[in-house]
Amino acid sequence: MAQTRLPNNPKPKEWLASDLSLQYVASYKPFVFVDGEGVRCSIYVSGCRFNCPGCYNKVAQNFHYGTPYTQELEDRIITDLSQSYVQGLTLLGGEPFLNTQVCLRLCRRVRQEFGHTKDIWSWTGYTWTS
Ligand code: SF4
């Protein structure tokens, strides 16, 4: 399995999507109001190693959970996002930054299709530092 390439007890900065992600999706929810501002389309990618106390979506910590990301799902998300009342896309999981193969592909498609007319939010266990 891919995880065998990791060192023992790797730290968050050592986690790599290329080692961990199976490019699985736990869920996709169009037209939701609870994952950011306005009406949004939310994709829940599978897999997370943070194991936060009280994790809101423990089942999605498993990288094997759900189904593979497909072109069909991506096209559906783009169609849903094209509705004028949809403000943007939300990435969550699971850990979006441990599934960058899926998330970057989708974000690039969103920018290609909509420019910056749709915003993109991500919920993550990582901390932003500048
Ligand atoms: S980062 Fe999110 S998905 Fe991962 S353990 Fe924490 S709450 Fe759960």
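Note that the structure is predicted; figures quoted are calculated from it, not measured. (Residues numbered from 1 in each chain as written. Predicted model: local features only at pLDDT ≥ 70, side-chain atom pairs only at ≥ 80, totals over all residues. Heavy atoms only, no water.)

### Describing the site of the ligand
Here's step 1: Neighbouring the ligand are the residues Cys 48, Phe 50, Asn 51, Cys 52, Cys 55, Tyr 56, Gln 61, Gly 94 and Gly 125.
Here's step 2: A breakdown of the residues in the shell around the ligand according to their chemical character gives 5 nonpolar, 4 polar and no charged. (Near = heavy atom within 4 Å. Nonpolar A, V, L, I, M, F, W, Y, C, P; charged D, E, K, R; others polar.)

### Considerations on the side chain of Glu 74
Here's step 1: Within the secondary structure layout, Glu 74 lies in helix 2 (residues 71–81).
Here's step 2: Polar contacts involving the side chain of Glu 74 include one to the side chain of Tyr 69, which spans 2.8 Å.
Here's step 3: Not counting residues up to four positions away in its chain, the partners in contact with Glu 74 are Tyr 69, Arg 105, Leu 106 and Arg 109. (Helix = DSSP H or I, 4+ residues; strand = E, 2+ residues; numbered from the N terminus. Polar contact = N/O pair within 3.5 Å; in protein donor to acceptor, adjacent residues only side chain to side chain. Contact = heavy atoms within 4.5 Å.)

### Concerning the layout of surface pockets
Here's step 1: The volume enclosed by the largest pocket comes to roughly 270 Å³.
Here's step 2: Residue classes in the lining of the largest pocket are distributed as 8 nonpolar, 2 polar and 1 charged.
Here's step 3: Roughly 170 Å³ of volume is contained in the second largest pocket.
Here's step 4: In terms of lining, the second largest pocket is formed by 14 residues, of which the most central are Cys 48, Cys 52, Tyr 56, Gly 94 and Gly 125. (1 Å grid on protein atoms, 1.4 Å probe; cavity = no way out; pocket = protein on both sides within 12 Å on 5 of 7 lines; lining within 4 Å. Points joined across faces, edges and corners; volume = space filled by probe spheres on them.)

### Section: the pattern of salt bridges
Here's step 1: Per the stated rule, a full pass over the model turns up 6 salt bridges.
Here's step 2: Ionic pairing is found between Glu 74 and Arg 109, a salt bridge with its closest N-O pair at 3.0 Å. With Glu 74 in helix 2 and Arg 109 in helix 3 (residues 100–114), this pair connects stretches of sequence that are 35 residues apart.
Here's step 3: Residue classification places Glu 74 among the buried positions, given a relative accessible area of 4%.
Here's step 4: Between Arg 76 and Asp 80 there is a salt bridge, with the nearest N and O atoms lying 3.7 Å from each other. Linking Arg 76 with Asp 80, this pair stays in helix 2, spanning 4 residues, or about one helical turn.
Here's step 5: Of the residues examined, Asp 80 reaches a relative accessible area of 10% and is grouped as buried.
Here's step 6: Here the residues in one salt-bridge network are Glu 74, Asp 75, Arg 105, Arg 109 and Glu 113, joined through shared partners. (Salt bridge = Lys/Arg side-chain N within 4 Å of Asp/Glu carboxyl O. Buried < 20%, exposed > 50% of the residue type's maximum accessible area, 1.4 Å probe, protein only.)

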